[in-house]
Structure formats: C-alpha cells, structure tokens
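# Architecture at a glance
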Amino acid sequence: MASTYKFTGCMQSFNDLSGLTGKTLEIRCKAKCNTEDTSKIQIWAACFEKDVLQSGVNGDSLTGKTVWSDLSAKIEINTQTTAVLFGVTGPKGSTFYLDEFEILVNGDLYKDFTPRKEPLDDRERKWLDKHVYPFDSLTTDFEELGRAVGNARIVGLGEATHGAGTVTMTRNQLAKYLIKEKGFTMLALENSLNVIEAIDRFVSTGEGSIENILKQTFNWTNNQEFAELILWIRGYNKNTDKKVRIEGVDMQDFSGILGRLNEMSEGRFYQETIHPVDSIIRYVDSEHRRNKGDLWNIPIHFTEEQRTIITASMSRLRQWAEKEIPERELRNRFLWYTNIVEQYMEMDTAPRNRFIADNVVWLSKQNPDTKILFFAHNSHVGKGSSVTDIREAGDHLRERFGNDYYVIGTCFYQGTYMAGNIYKNNRYMTVSANPGMPGSYEHLFESLKKPYFFLNWRNIPKTKENAWLFQPMLFRIVRGIWNNNEYYPFPLTERFDAIVFMETTLPTNPLRDIK
C-alpha cells in the first residue's frame, strides 16, 4: 500500500457531474478493521438535488476483518442530481484503515484533475507581485481592501480553519478597518444566537465578563484572539453613535433557543409546548449522535408525528407573540427564535448552510440600513459547493444580494493551529499544518516570500499571466477536525472574490481547556 490512513469516519463529495447524467457512479476502496471486534464498517453514497437529499445506498460492509478487503457502493445519476456525497463510516469510537479510493463511471476509472506542479514563471510572478497588497500584523490602513469592497452591504470574512490564531487576529484587523472606514455595524457569527446575545450585551453595555461569556460559545470564538476583537468593539462603541451589534446565525443550540422562548413567554407555555418539544429534539439528537457519530452533515431524521408536534407548538407560540408582544423588535426576535427551532428540525432535508444564509438575510431585512460582516469558516462564506457540503451559505447570499455580497477567504502556508485530532478521539489540541504542497495555491502564494498579502480578483480579466489563478488547484480545507488529508481540489476564484494569505500561523489560545 502506497499510502494508508486511519479513520473513525470520513466523507467526500463529488460535485462535477457534467456528462454523468444517466450513468452509474461507483465508489470503491480497500479497508480493514483495527481489531477483530464486531464493529460494522459501511461504505455508502447519497444523491442530492440542490439542497435536498433524494436517495442513498449502503454498499459493502465488513466486520472484524484485519486484512485488506474491497468495499464498493454504486449510485445512479439522474437529470436532477447536483452532487453526490459518499463516505465510509463505523460506530463512534471504532477505528479502521482505508486505502486506494477510486471513482468509476459505468465501470471506467474516473480521471480527476491534475493539479499544476510547476512554479510560477517570470510573467506569472510579476503579475502576482503587481496585484497583491502586502501588509503586516500592525497594519491599520487597508485602502486597497476598501476599494475592493466598494459599496457591498454584506462582506463574508472566512477563516482557513477554526483554530488558527494568526488567521483570527488578521481577520480582526480587516474587521476593524471595515467598521471604522466602511461603516459596517453588525457582526453575524457562525455561532448560536442565544449565546451570542450575551456578547452583544457586553459590547453594548459592558454587562458581564467577556471571558465567562465566551466560555459558553464554540471553540472558534472561545479564545483570546477573538476576545481581543470583542474588547476593541466595546471600546469603539463607547465613543460612537454608530454602535456595532453582534448576532449569531447558526441553529445548533436548540436547547438554549427553547430556553429563551420560555423566558420571553414568562413560562406560560412550558408544560404544554416547550418541554415536549425539548424532549423530542433531545431524544432525536441523542439517537443521531449515537448512530452517526459526529458527522454533522449526515441528516437528522424526525418522524412525521414529531414534526407535527414541533410545527404546531411553534405556530402556537407565534400566534401568542403576534397578539401579546407589542414591541416590534422584541416580537420579531421571538418569532425568529421559533423559526430557528424549525430550522433545526428541517436539517434532514437541507444543510445548515441554507439556514445560516436565511438568518443573515433576516438580519438584513430587520436592519435595512446596516452593513453586515459575516464571520464563518471559508467553506460557509464561499460561493458554490465545497468538498463536504452541497451548497454553501455564501452561495445563497450571492443569489440574494448579487454583487452586494463580497467574500474574502483566508489561507496560510505553514504553522500550527487548534483542532479536534481525529487520531486522538477528536481531542481539541494543537496540530501541525502540512506545509503548502506542490499543486496548491498556498505553495504558489508562498513563492512571493511576502508574509501577509491581500489579493482581489473581482472584475479582473483572465489573462495568460493569471490563468493559473482561475484554474482549480489544491487548497487547504480543515474545519473543526484535523486529519492528514488537508488539501482538496478547489476553484479559488469561483468561491471567493479575494484571498488573504499568511505565510505562517500560530494556534488560538483557548480561554479554557476544551475536551
């Protein structure tokens, strides 16, 4: 075996379906178990039509085999199919090994793209050097960024991975400039709304301890680097009439949302409405995690009876709010909470990306004169479809706002960052990045030997000197979980309008130990 990887679960998507209508897509690999136990390892594939899961198949499985065995799964591609998601999974905590993944179309080996391995030639290097905007960790004037953003109302600021401290601090720099010089007055965060409300109160009034507040959030905001931005915003708000607000646009913390609904309705619906809904969702969520592990994008399934109860309960709460909450802003927030509960329930038919985008759109409608900074992982802010999701939040936002949505990705060549380590039971810890490999954008960007730079390509025509930039190459994509495979084929200029490159990153500094 030329290369062998150890997994407790993996997924990949196949989004280039041109010419595949009516054909059979087969995924196959070799696999073996770590021990002769009874853990069942299954290869599977699923078809999507836009955001909606349409069909799925379970392929071969193996149990307790410590020698290499063949696994395969086949699925038909119809005229409506927009993506195929496939993977190999086992029970949570199981360990198995995979090698020699192959994709076949009607029995013939599918030839994936071959990334460029050659360095930039002199003309290409001169073009890149001319168009990048170098800066450093102390830069406060990002005039080139301001010109590129123009009058965009929503700016997506991505992060290459959730736990990269240098990436977070650099994004802080960009955000401060856009707040001060371009009039952005809202941060929409990839985090649960009810938790982020406490951060909003802090930047508005100074209420609470920012360290204690951030400890209640996900690890990508529970760190000293993000706290630095929040403290800066608090100081900024003290001296301006255009105060910055902070909102959460994720829907993963259903319990906290139900708690807020209970508080705002003064407990009058707890027994008949909120408690039954909470019990149903907790049960379904626990079953999902028990059966599927931590693969967030595997659908969460509610029965028709459960869905009917939840929908009727949220409808009852909305009817009460329309009659009994006179204050418009408070009433609308209560109604938004009921929508988020239903979003969690509907995650079996659409990825959370669509709902994240819906929540950003809701904020824009409620605050029509407000410019919004959308903070999330590169994959969420980007346009199009990524390697693990069907359609990204940024793609929905581009459809809704057109050129009023401007998106900036981030990347780095080397360094360390915080992530769940798949080889250590997903324990959150410092991991070392694989340096930008030949065939990757990061490898070519690093050849300029500029520690930081900003590169905008919106409205820049494709030429012989920059054609390489407009071709898919390898790109680092790491979410909350790290494994050896950091790089994936990625059409950079289709996903983002600009990139911020950093040569080296250091990890974030958590405000607490995260297990």
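The structure reproduced in this document is the subject of the present report. Nothing here was measured: the structure is a model prediction, and the numbers come from that model.

### Details of the overall build of the protein
Helix and strand counts for the protein stand at 15 helices and 21 strands. Burial analysis of the protein (515 residues in total) assigns 57% to the buried set. The contacts in the protein between residues at least 6 apart in sequence include a share of 78% that link residues at least 24 apart.

### Brief notes about the nonpolar core
One finds Leu261, Phe374, Phe445 and Leu492 to be the most contacted residues of the largest nonpolar core, which totals 73 residues. If one sorts the elements of this core by residue count, helix α10 (residues 328-345) sits on top with eight residues. Not counting residues within four places of it along the chain, the set of residues in contact with Phe445 comprises Leu128, Cys411, Phe453, Leu455, Trp468, Leu469, Leu492, Ile499 and Phe501. Membership of the second largest hydrophobic core comes to 52 residues, among which are Val167, Phe202, Leu214 and Ile233.

### Quick look at the environment of Pro368
Following the sequence through the fold, Pro368 ends up in the loop between α11 (352-366) and β14 (371-377). Classification of Pro368 by relative accessible area gives exposed; the value is 53%. A sequence separation of 215 residues divides Pro368 from Arg153, and the C-alpha atoms of the two residues are 9.7 Å apart.

### Focus on the pairing of strand β17 (residues 452-456)
Taken across its five residues, β17 has five buried, putting it largely inside the fold. A two-sided burial pattern is seen for β17, the buried positions comprising Tyr452, Phe454 and Asn456 on one face and Phe453 and Leu455 on the other. Bridge count between strand β10 (residues 132-134) and β17: three bridges; the pairing is antiparallel. Along β17, the bridge assignment pairs Tyr133 with Phe454. Pairing of β17 with strand β21 (residues 498-505) involves five bridges; the strand directions are antiparallel. Residue Phe454 lies in a different strand from β21, and its bridge partner there is Val500.

### Observations concerning the packing of helix α7 (residues 254-264) against α10
If you want to describe how two helices pack, look at the angle between their axes and the distance between the axes. Orientation of α7 relative to α10, taken along the N-to-C sense of each, is 145 degrees, at an axis distance of 10 Å. Seen along the crossing, α7 lies across α10 with a hand that is left-handed. Note on element contacts: α10 touches α7 through Leu330, Phe334, Tyr337, Thr338, Ile340, Val341 and Tyr344, opposite Phe254, Ile257, Leu258, Arg260, Leu261 and Met264. Per-class residue counts for the contact of α7 with α10 are 11 nonpolar, one polar and one charged.

### Digging into the pairing of β14
Among the seven residues that make up β14, six are buried, leaving the element largely enclosed by the rest of the structure. Taken together, the six bridges between strand β11 (residues 154-159) and β14 define a ladder with parallel strand orientation. Bridge pairing in β14 places Gly156 opposite Phe374. When strand β12 (residues 184-192) meets β14, the two strands line up parallel, connected through five bridges. Paired with Leu189 across the two strands is Phe375, which belongs to β14.

Here is what the cut-offs are and how they apply
- Residues numbered from 1 in each chain as written.
- Predicted model: local features only at pLDDT ≥ 70, side-chain atom pairs only at ≥ 80, totals over all residues.
- Heavy atoms only, no water.
- Helix = DSSP H or I, 4+ residues; strand = E, 2+ residues; numbered from the N terminus.
- Buried < 20%, exposed > 50% of the residue type's maximum accessible area, 1.4 Å probe, protein only.
- Contact = heavy atoms within 4.5 Å.
- Core = buried A, V, L, I, M, F, W, Y, C linked by side-chain atoms within 4.5 Å.
- Pairing = 2+ DSSP bridges.
- Axes fitted to C-alpha atoms, helices over the stretch in contact; angles between N-to-C directions.
- Left-handed = near helix turned anticlockwise from the far one by under 90°.
- Nonpolar A, V, L, I, M, F, W, Y, C, P; charged D, E, K, R; others polar.

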